[in-house]
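# Structure assessment
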Amino acid sequence: MVMWYYVDGAHVRQGPISAELLAQAFRQGRVRRESLVWREGMAQWEPLEAHLSELPLPAPAAPAVPSPVAPPPQAAAPAADPDRVQDAGFLRRLGAYIIDNLLLGSAYYVVLMIGAVAVAVLAASGGDDDTLAITLGVAAVLAYALMSYFYYVGMERSRLQATVGKLALGIKVVDADGRRLGWGKASARWAGSVLSYATAFIGFFMAGWTRRKQALHDLLAGTYVVDKWAYSEQPG
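Residues numbered from 1 in each chain as written. Predicted model: local features only at pLDDT ≥ 70, side-chain atom pairs only at ≥ 80, totals over all residues. Heavy atoms only, no water.

## A look at the packing of aromatic side chains
Summed over all chains, the structure comprises 11 aromatic pairs. Pairing Tyr149 with Trp190 gives two aromatic rings, centres 5.2 Å apart and planes at 85°, and the pair type is edge-to-face. Separated by 41 residues along the polypeptide, Tyr149 in helix α4 (residues 129-156) and Trp190 in helix α6 (residues 183-198) bring together distant segments of the chain. Both rings, one in Tyr151 and one in Tyr152, keep their centres 5.1 Å apart while their planes meet at 80°; by these two values the pair is edge-to-face. Considered together, Tyr151 and Tyr152 belong to a single accessibility category, that of buried residues. Three or more aromatic residues joined by ring pairs form one cluster here, namely Tyr97, Tyr197, Phe201 and Phe204. (Phe/Tyr/Trp six-rings, centres within 6.5 Å; stacked < 30°, edge-to-face > 60°. Helix = DSSP H or I, 4+ residues; strand = E, 2+ residues; numbered from the N terminus. Buried < 20%, exposed > 50% of the residue type's maximum accessible area, 1.4 Å probe, protein only.)

What follows is the structure, given as structure tokens:
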């Protein structure tokens, strides 16, 4: 049985329902010709007008109109309205942060152990211990910064728009228009996260009380962390 979904007058997704129930809702006026509908096999949401022939409607129940009625802007693209976008909550962001730091930290410690072994070999061959220790410290800081930069910036500006942790929690990063980040904005977001750390993590906790759940680095870069289906063809 083909199951249908539709967007009601309040721009809320309803369904799944059968074709018979959708036809009944249409006859009762709860679903209009311009209402967006979707079923399996459709590439995107489309007006019911284009699919009336698939519903069990008698000819008199489907009055003709001179021309299709243009859908209101909110119904055509409900995800473009920031007030209707599902922003990622603090707990989902915290879970993603923990996952990402476990992955990044594990990789970093592998690199750190390799560096420590290399320093030990150089020290055994007669190198200056103090110089080698300073070199290892500087290299460790630079290595973590580079690994963090390419991990966060590379993944958040990619087609996935999310790190591994964010993918696992079903969230992604977008700009103010809901689009994928470029290198510049993704880099600005990463640089801003340094300030979130510098504020004793208060910058991260800001995601718990700002209106659109933005952390300090999101506010600085003009980015948002939203549900993975936001700004897509299936925002519901």
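Further notes follow.
## Looking at the nonpolar core
By size, the foremost hydrophobic cluster in this structure holds 19 residues, and its most contacted members are Trp4, Leu22, Leu48 and Leu55. If you list the elements that add at least two residues to this core, you get β1 (3-7), α1 (19-27) and β3 (36-39). Sorting elements by how many residues they give to this core places α1 first, with 5 residues. Residue contacts for Leu55: discarding those within four places in its chain leaves Trp4, Ala19, Leu22, Ala23 and Leu48. Judged by nonpolar contacts, the second largest core, of 8 residues, contains Ala96, Ile171, Leu181 and Val225. (Core = buried A, V, L, I, M, F, W, Y, C linked by side-chain atoms within 4.5 Å. Contact = heavy atoms within 4.5 Å.)

## Some details on α1
Looking only at α1, the buried set comprises Ala19, Leu22, Ala23, Ala25 and Phe26. Looking straight down α1, one finds that the buried residues subtend no more than 160° of arc, so they occupy a single side. For α1, the elements touching its buried residues are β1 and β2 (13-18). Trailing α1 by a residue or two, Gly29 shows a phi angle of about 85°, which is positive. (Arc of directions from axis to C-beta.)

## A look at the sheet that holds β1
Strand order across the open sheet formed by 4 strands is β2-β1-β3-β4, with antiparallel pairing between neighbours. This sheet does not close on itself; its edge strands, each paired only once, are β2 and β4 (46-47). Direction of pairing for β1 relative to β2: antiparallel, over a ladder of 4 bridges. Residue Trp4 lies in a different strand from β2, and its bridge partner there is Ile17. Contacting β1 and β2, α1 runs over the sheet at an angle of about 125° to β2. (Pairing = 2+ DSSP bridges. Axes fitted to C-alpha atoms, helices over the stretch in contact; angles between N-to-C directions.)

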